[in-house]
Amino acid sequence: MPSADKPQILDGDTVRAMTDLESAQYEKDQAEYASQSKVDKARAKLKQTTLDKLGLTAEEVSALLS
Amino acid sequence: MGANAVTTVPVYVSGEVLTAADLNITNSGIPVFATTTTRDAGFGGTGEKTLAQGQYAYIEATSTLQVYNGSAWVTAVSTGLTYLTGGSFTTVAAVSLTAGTFSSTYRNYLININITANSSDANALNWRGRASGTDNSTANYSFALGGRRYSDGAATSGGNGASATAGRLTYMQNPMTGCVVSATFFAPQLASATSFVTSSTGRGVGDPDAALQGGGYFSASTQFDALSFYPATGTISGTYEVFGYAIS
C-alpha cells in the first residue's frame with residue numbers, strides 16, 4: 001500500500017512512495033519552485049505595468065519586436 | 001505460452017527413432033519461447049542443442065526475433081530504433097526509468113512523453129540523470145527553451161537555466177489540455193557530458209499555447225543508467241516510451 005505521507009513515484013514498473021532521500025530533494029525542489037514562481041509573478045507584473053505606462057497592448061509589443 | 005512455444009531445442013543422436021512429438025518441436029522453424037528465461041533453459045541441457053553463434057529465437061513476451069552472436073542474444077532485425085521501456089503513470093510526482101535502461105548497447109536514446117493531465121498548470125517538466133537508483137541533482141544542468149505561439153507566431157520563452165539542479169524538457173500549458181515531448185539524449189551512459197535536444201508543445205508564463213524547442217546538457221562526466229522526469233510541482237499523468245538508436 002503506497003504511503004500517503006510522501007509523493008508517489010513511478011520507478012520502473014512500480015509505483016512507490018519517495019524514499020527519505022528523494023523526499024528531501026523533493027521538498028528542496030518545491031521551495032525552489034515557490035521562490036521562482038514569486039520571481040516570475042513579479043516579472044509578469046512589471047511587464048504589465050510597463051505596457052500600461054506605454055499604452056501598448058501585448059500584441060502591439062509583439063509586432064514591434066517581431 | 002503460445003501454440004508454437006517450446007521449452008527445449010533438442011539434439012538427436014545417430015540411429016535415434018524420431019517421433020511426431022520430436023518433429024513438432026522443430027517444425028515451427030525458428031524456436032519460439034515464451035520468455036528469455038525459457039529460451040536460456042532450452043539450450044545446453046541433456047539432449048538439448050548446445051547454444052552457438054547464429055542460433056535464432058523468437059520471444060513471445062516481447063514479440064522480438066533474436067540471434068545469438070556468440071556471446072549474447074541480440075535483436076536479429078535492426079530497425080534503427082529499438083523499444084527499451086515505457087508505460088503509463090497516473091498522478092505521480094516523478095517517473096524514473098528502470099535502472100539499466102541506458103547501457104553500452106546504444107549511444108543515444110529517444111524519449112517520447114505524452115502528458116495527459118497535471119495538477120498544476122504553467123509548470124516546467126524537468127529531468128535528472130540517474131545512476132544506481134539515485135537522481136543526480138548536482139548543479140551541472142544547463143538548458144534553454146523557446147518557440148513560437150500558435151496564434152500569431154510571436155516568439156515565446158520556455159525558460160532557461162545554467163548550473164541548474166535539473167534540465168528542462170518543456171513548459172506545460174496553462175490550462176494544460178495536453179503536452180507532448182520528444183527528446184533525444186546523447187551518450188548518457190558514457191563518461192562524458194550528456195546533451196539533449198527537446199521538441200514539445202508548451203507555453204511560457206502569460207503566453208498562449210506555443211510549440212517549444214530547446215536543449216541543453218549535463219556538464220559532468222557522469223555515467224547515467226537511467227533518468228527521471230518530473231513536474232516542477234504537483235503531479236502528472238500520461239504515458240512514455242524509450243527507444244535506443246542503433247549504433248550500426
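Residues numbered from 1 in each chain as written. Chains lettered and ligands numbered in written order. Predicted model: local features only at pLDDT ≥ 70, side-chain atom pairs only at ≥ 80, totals over all residues.

(A) Spatial organisation of the pairing of strand 11 (residues 155-164) of chain B. Relative to strand 11 of chain B, strand 10 (residues 141-149) of chain B is paired through seven bridges, and the arrangement is antiparallel. The residue of strand 11 of chain B that forms the bridge with B:A144 is B:N160. (Pairing = 2+ DSSP bridges. Helix = DSSP H or I, 4+ residues; strand = E, 2+ residues; numbered from the N terminus.)

(B) Representation of the interface of chain B and chain A in the model. Across the boundary between the two partners, chain B contributes 16 residues, which contact 17 residues of chain A. Of all the secondary structure elements, the ones that give two or more residues to the side of chain B that touches chain A are strand 5 (81-92) and strand 6 (94-96) of chain B. Of the residues contributing to the side of chain B that touches chain A, the split by class is eight nonpolar, six polar and two charged. Sheet analysis places strand 1 (residues 8-11) of chain A next to strand 6 of chain B, joined by three bridges and oriented parallel. When the bridges of strand 6 of chain B are listed, A:L10 appears paired with B:V95. (Contact = placed C-beta atoms within 7 Å. Nonpolar A, V, L, I, M, F, W, Y, C, P; charged D, E, K, R; others polar.)

(C) Looking closely at the confidence of the model for chain A. Model confidence for chain A is summarised by a mean pLDDT of 87, while 94% of its residues fall at 70 or above. Helix 2 (residues 58-65) of chain A is the least confidently modelled element of chain A, averaging 78 in pLDDT, while strand 1 of chain A averages 96, the highest of any element. (pLDDT = per-residue confidence, 0-100.)

(D) Up close: the sheet that holds strand 1 (residues 32-33) of chain B. Residue and element names in this part refer to chain B. The four strands lie next to each other as 1-2-3-4, forming an open sheet whose pairing is mixed. With one partner strand each, in any of the chains shown, strand 1 and strand 4 (73-75) form the two edges of the open sheet. One ladder, built from four bridges, connects strand 2 (residues 56-59) with strand 3 (residues 64-68); its direction is antiparallel. Following the sheet pairing, Y56 is matched in strand 3 by V67.

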